[in-house]
Amino acid sequence: MNPFRDHLPGTWTIARFALIEALRGKLALAVVAVALLGLGLSAFLGEMAITESTRIQGSVLAAFNRIAAALMVVSFVIAGLTREQADKGLEMLLSQAIPRASYVIGKLTGYALLAWLTAAVFSAPLLLYAPPLNVAAWSLSLALELTLVAAAALACALVLGQSALSLLMVVAFYVLSRIMPSILAITASPVGPIDSPGFRVMGWVMGCIGALLPGLDRFASAVWLWDGAAAWAQMPAILLQFVIYLPLLCSAALFDFYRKNL
Amino acid sequence: MKRLLPILRVATYRDQRRISLVPLPVALLLACALVWQTIWAAMNPHPAQAASDLALPPSAASVQIFSLGEPLAWAKMANLSLQAYDNQPGISLPFKRLDYSRIEAWLARILELDPDGQYPLLAASRLYGAVDDPARQRRMLDFVQRQFLLDPNRRWQWLAHAAFIARHQLRDLHLAVRYAESLRLHAKSPRVPSWARQMEIFLRADMNEYETAKLLLGALLASGEVTDPSEYRFLSGRLADLEEAPGGANAARVGRKN
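The model shown is predicted, which means the values in this text are computed figures rather than measured ones.

1. Digging into the overall build of chain B
Link 1 in the chain: When its secondary structure is counted, chain B shows 13 helices and 0 strands.
Link 2 in the chain: Each helix and strand of chain B, placed in order from N terminus to C terminus, yields the pattern α-α-α-α-α-α-α-α-α-α-α-α-α.
Link 3 in the chain: Within chain B, the proportion of its 258 residues that are buried is 29%.
Link 4 in the chain: Pairs at least 24 residues apart make up 56% of the contacts formed inside chain B by residues separated by at least 6 positions.

Set out below in structure tokens:
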């Protein structure tokens, strides 16, 4: 008897319903609308540019789409999970013969599929400005980033159970993951009060936080749209980071979820 | 307090089950993933990047838009990012390699958006102005003087420091006197200490301009601005030194003492 195989249909059903919930909840429509908004913004900036208009449009669109996609996935995951907890849907699900791990893994699978679909929609307009192979690298990296962000949102929503608090936590996680190298550079700067104990402690604390955060600063850089070689060269490191961090988020969510008294 | 309990419950984890109920594979996976992540982060220092050029600062209008109407917050952040610019991830640039015209443009923009801020003037006079390159130092000192003229009573200390750098590091007495004169003429607030306004007198004595120094010192004493008796006595003594032997040993003593 293999418990994983036994519960696979249940896990897949949960994943499928998480995806269906997203599509029926008009998230798909919102994603397309925001992608079109980004396209309009970049077209407007392109009209204003005197030179390098394609690069300006592509760079701005990539940066806009990256943040918009992350925020949309995060807000959907958190809203869906907290609503389910408030509606007692979670209790109802777990009253069936479904282990808690199936629920978490099923939800994560559904949200990962959603993340990849969102990445595809937000990457498509970039084909107007950059070579397809470069866009493919950017898109793959964005999909991995969104999956990690969705997993972080899932963990926060399950642990905290409050939408506002969870949203704040995940946004802080996302922002810190993207800017941590700059923060670490400042803490290591000889211009700062390096000898001050407070500065040293802060530098050490930041170093610890940085070690626990994924290096999202390496993911989906707009520069890749014009430097495909650099993009694909970084892909192994990005994949490895993904492979390390996804189990971390997943196990953290599972650990807390198993301890939760529902 | 009772109303707060549901919120506090999130933090206190009162309603959690025993840790032994967590399946062993989950706990092991969490521990292993934590170790992997820490090792990965330690093994994987942030990539060394080529030094990127410092771009020109955005216009005030752009900042207004992109900071969502919070230009002050942008200015404060810009201080830090400009300060960290010479330490880009994985690379440290000496100040001599920085483009000072752009540094100056950034400092000016930050001051434009945050006129009360002292940070850009500190950076200009004590950071970028401390570079071992007279041309760059002069550029920063001139920037400090131009900004001082826009708000003399709040920015006087940076021009005083500029005069100090001009006198002792650049060894350019004329430049130091120019800054000190600017201080005397424009920094009129009672909050500006008298030593700052007197700086010019002693610098002129250093330059052997005893007549001018005497005139300035006499005018200062006559103006009634010096109210501290000890300070008045000290300055009167210096004036007497100047009057006794202009160009002689006493006059030289006036210069040396300062």
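2. A word on the overall build of chain A
Link 1 in the chain: Looking only at helices and strands, chain A features 10 helices and 0 strands.
Link 2 in the chain: Put simply, chain A runs from its N terminus to its C terminus through helices and strands in the order α-α-α-α-α-α-α-α-α-α.
Link 3 in the chain: The burial tally for chain A puts 42% of its 262 residues in the buried class.
Link 4 in the chain: Taking the intrachain contacts of chain A between residues at least 6 apart in sequence as the baseline, contacts between residues at least 24 apart amount to 77%.

3. Some remarks on the interface of chain A and chain B
Link 1 in the chain: In this complex, chain A contributes 26 residues to the contact, which on the side of chain B involves 28 residues.
Link 2 in the chain: In terms of residues, the side of chain A that touches chain B owes the most to one element, helix α10 (residues 228–259) of chain A, which gives 11 residues.

4. A word on the packing of helix α8 (residues 152–168) of chain B against helix α9 (residues 173–186) of chain B
Residues and elements named next belong to chain B.
Link 1 in the chain: Relative to each other, α8 and α9 sit at 165°, their axes nearing to 8 Å. In terms of axis orientation, α8 runs roughly antiparallel to α9. At the point where α8 passes α9, the crossing takes the left-handed sense. Two secondary-structure elements touch here, α8 through P152, W156, L159, A160, A162, A163, A166 and R167 and α9 through L173, L175, A176, Y179, A180, S182, L183 and H186.
Link 2 in the chain: Of the residues assigned to the contact of α8 with α9, the class counts are 13 nonpolar, 2 polar and 1 charged.

5. What to know about α8 of chain B
Residues and elements named next belong to chain B.
Link 1 in the chain: Here α8 is 17 residues long and its end C-alpha atoms lie 23 Å apart, about the 24 Å a rise of 1.5 Å per residue gives.
Link 2 in the chain: At W158, α8 shows its strongest bend, of approximately 30°.
Link 3 in the chain: Where α8 is concerned, the buried positions are R155, W156, W158, L159, A160, A162, A163, I165, A166 and R167.
Link 4 in the chain: Looking at the packing, one finds that the buried side of α8 touches α6 (119–127), α7 (134–150), α9 and α10 (194–206).

6. Concerning the nonpolar core
All names here are of chain A.
Link 1 in the chain: Of all hydrophobic cores here, the largest spans 78 residues; its most connected members are V73, A150 and L154.
Link 2 in the chain: Among the elements that line this core, the one with the most residues is helix α7 (residues 132–160), at 21 residues.
Link 3 in the chain: Dropping the residues within four chain positions of it, V73 is found in contact with L114, A115, T118, L146, V149 and A150.

7. Re helix α4 (residues 71–83) of chain B
Residues spaced three or four apart along an α-helix point in a common direction, a consequence of the helix completing one turn every 3.6 residues.
Residues and elements named next belong to chain B.
Link 1 in the chain: Compared with an ideal rise of 1.5 Å per residue, which puts 13 residues at 18 Å, α4 spans 18 Å between its outermost C-alpha atoms and is within 8% of the ideal.
Link 2 in the chain: Residues P71, W74, A75, A78 and L82 constitute the buried set of α4. Here the buried residues of α4 occupy an arc of 100° about the axis, which is enough to place them on one side.
Link 3 in the chain: At its buried positions, α4 is contacted by α3 (60–66) and α5 (100–113).

8. Side note on unusual backbone geometry
Link 1 in the chain: The phi dihedral of A220 of chain A is positive, around 40°, even though this residue is not glycine.
Link 2 in the chain: Judged by C-beta crowding, with 28 C-beta atoms within 10 Å, A220 of chain A ranks as buried.
Link 3 in the chain: In the Ramachandran plot, R171 of chain B falls in the positive-phi region, its phi being about 55° despite a non-glycine side chain.
Link 4 in the chain: Inspection of the secondary structure assignment puts R171 of chain B in the loop between α8 and α9.
Link 5 in the chain: For R171 of chain B, a count of 10 C-beta atoms within 10 Å corresponds to the exposed category.

9. Side note on the environment of V32 of chain A
All names here are of chain A.
Link 1 in the chain: Relative to the elements of secondary structure, V32 occurs in helix α3 (residues 27–48).
Link 2 in the chain: Note on V32: 13 C-beta atoms within 10 Å, which makes it partly exposed.
Link 3 in the chain: Residues V32 and T118, spaced 86 residues apart in sequence, show a C-alpha to C-alpha distance of 8.8 Å.

10. Some thoughts on the packing of α8 of chain B against α10 of chain B
All names here are of chain B.
Link 1 in the chain: Taken N-terminus to C-terminus, the directions of α8 and α10 make an angle of 20°; their axes are 10 Å apart at the nearest point. Our classification of the angle between α8 and α10 gives roughly parallel. For the pair α8 and α10, the crossing hand works out as left-handed. Contacts between α8 and α10 involve W156, A160, A163 and R167 from the first element and A196, M199 and L203 from the second.

11. Details of the confidence of the model for chain A
Link 1 in the chain: Per-residue pLDDT for chain A averages 88, and the proportion of residues at 70 or more is 94%.
Link 2 in the chain: Per-element averaging of pLDDT across chain A places helix α1 (residues 3–6) of chain A at the bottom with 64 and α7 of chain A at the top with 95.

Conventions and cut-offs
- Residues numbered from 1 in each chain as written.
- Chains lettered and ligands numbered in written order.
- Predicted model: local features only at pLDDT ≥ 70, side-chain atom pairs only at ≥ 80, totals over all residues.
- Helix = DSSP H or I, 4+ residues; strand = E, 2+ residues; numbered from the N terminus.
- Buried ≥ 20, exposed ≤ 12 C-beta atoms within 10 Å, placed from the backbone.
- Contact = placed C-beta atoms within 7 Å.
- Axes fitted to C-alpha atoms, helices over the stretch in contact; angles between N-to-C directions.
- Parallel < 35°, antiparallel > 145°, perpendicular 65-115°, else oblique.
- Left-handed = near helix turned anticlockwise from the far one by under 90°.
- Nonpolar A, V, L, I, M, F, W, Y, C, P; charged D, E, K, R; others polar.
- Expected span 1.5 Å × (residues − 1).
- Bend = angle between axes of the 7 residues up to and from the residue.
- Core = buried A, V, L, I, M, F, W, Y, C linked by C-beta atoms within 7 Å.
- Arc of directions from axis to C-beta.
- pLDDT = per-residue confidence, 0-100.

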